[in-house]
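# Structure assessment
Next come the chains, spelled out residue by residue.
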Amino acid sequence: MDKFEAIAEIIAASRRVVVFTGAGISTESGIQDFRSPGGLWEQWNPDELTFDKFMNSRASREHYWGFSRAIWPTMAFAKPNIGHYALVDLYKMGKLDSIITQNVDGLHQAAGMPDDKVIELHGTLKWVACLSCGKRFPREEIEKMMDETGEKAPECSCGGYLKQATISFGQSLPEEAVSRAQEKSATCDVFIVAGSSLVVYPAAQMPIIAKQNGAKLVIITLSDTPHDRYADFIIHEKTGPTLSQIAEAVKKK
Ligand SMILES: [Zn+2]
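Below or above, wherever it landed, is the structure these notes cover. (Residues numbered from 1 in each chain as written. Predicted model: local features only at pLDDT ≥ 70, side-chain atom pairs only at ≥ 80, totals over all residues. Heavy atoms only, no water.)

## Quick look at the overall build of the protein
In terms of helices and strands, the protein carries 11 helices and 9 strands. Against the 2.2 N^0.38 benchmark of 18 Å for 253 residues, the protein shows a C-alpha radius of gyration of 19 Å, consistent with a compact globule. The dimensions of the protein, computed from C-alpha atoms along their principal axes, are 60 × 35 × 30 Å. In the protein, which comprises 253 residues, the share counted as buried stands at 49%. Pairs at least 24 apart in sequence give 67% of the contacts found in the protein among residues at least 6 apart. If you sum the accessible surface of the protein, you get close to 11700 Å²; carbon and sulfur atoms cover 51% of it. (Helix = DSSP H or I, 4+ residues; strand = E, 2+ residues; numbered from the N terminus. Rg over C-alpha atoms; globule rule 2.2 N^0.38 Å. Buried < 20%, exposed > 50% of the residue type's maximum accessible area, 1.4 Å probe, protein only. Contact = heavy atoms within 4.5 Å. Areas by Shrake-Rupley, 256 points an atom, 1.4 Å probe, with all protein chains shown as cover.)

## Describing the nonpolar core
One finds I11, L87, L96, I192 and V218 to be the most contacted residues of the largest nonpolar core, which totals 30 residues. For this core, the secondary structure elements donating two or more residues are helix 1 (3-13), strand 1 (17-21), helix 6 (82-92), strand 2 (96-101), strand 7 (190-194), strand 8 (216-220), strand 9 (233-235) and helix 11 (239-251). If one sorts the elements of this core by residue count, helix 1 sits on top with 6 residues. Among all residues touching I192, those that are not within four sequence positions of it are I11, V17, V18, V19, F20, V218 and I220. Residues I31, L40, M75 and I142 belong to the second largest nonpolar core, which totals 21 residues. (Core = buried A, V, L, I, M, F, W, Y, C linked by side-chain atoms within 4.5 Å.)

## Side note on the side chain of R61
Tracing the backbone through its elements, the reader meets R61 in helix 5 (residues 58-77). With no salt bridge to any partner, buried R61 finds its closest opposite charge in E155, at an N-O distance of 4.7 Å. (Lys, Arg positive; Asp, Glu negative; His and termini not counted. Salt bridge = Lys/Arg side-chain N within 4 Å of Asp/Glu carboxyl O.)

## As for the coordination of the zinc ion
The zinc ion binds to the protein through C130 (SG), C133 (SG), C156 (SG) and C158 (SG); the donor distances cover 2.3 to 2.4 Å. Metal-centred angles of 102 to 118 degrees between the 4 donor atoms at the zinc ion mark the site as tetrahedral. Each donor residue of the zinc ion lies on the same chain, and together they follow the pattern C-x2-C-x22-C-x1-C. Linking C130 in strand 4 (residues 123-130) with C158 in the loop between helix 8 (139-149) and strand 6 (162-166), this pair joins segments that are 28 residues apart in sequence. (Donors = N, O, S within 2.8 Å, 3.2 Å for Na, K, Ca; no water. Tetrahedral: all angles 85-135°; square planar, octahedral: opposite > 155°, others 65-115°.)

## Digging into helix 5
Between its first and last C-alpha, helix 5 extends 29 Å over 20 residues, near the 28 Å set by a 1.5 Å rise per residue. When the local axis directions of helix 5 are compared, the greatest deviation, roughly 35 degrees, occurs at I71, which is followed within four positions by the proline P73. Among the residues making up helix 5, those that are buried are S60, R61, Y64, W65, F67, S68, I71, W72 and M75. (Expected span 1.5 Å × (residues − 1). Bend = angle between axes of the 7 residues up to and from the residue.)

Shown next as structure tokens:
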């Protein structure tokens, strides 16, 4: 039996699969990994984009929005790939309970996952939020307003600062999302990592939580991860074609 068959078998026998996705699944949709060589953090100094700086000066907020608007078109036009659709297939088969993601591009929802089944640990750039009153605006609406008015650091009608609804350096992670992710990791019976190198917190802890609670661990990434030794299956290949083959094999069970 090959690896795909064996993984399909444990998924077919499972009741609750949780998938953890990282940059690897998005790069296959043409979204570059911020951390990779030649990536965005080489063009935009992350030290200038911290949450503290954002809060402390208008110049920093303008700089932040310059960065944010520079990456927006790539994100706005990116389309889900076969990996995103394979996960939707698993969901429709009643196997996939939820997706925990480090990605901020909204591609799981664009592929058809219900919003409440996607836990976005780092937020989403499809929305803009007021840091004071919490009001949220569709990103397109703010883009349009900025185009029309020339505004470079938009503010809410309450006077609060508007910011892309993603987590910046130095900004705390959304507690509710992290605790939901921990709970999902603890209660699944199969935990699949797709396209994450599992190096940053809280990504790093989720597979351990799953494993400690008896789940089978499957890791699909191009690079090694610190958790490879705990995995029941490791596939060092692209996530899209791999997830697609697995979903096809599950369908035949
Ligand atoms: Zn507000």
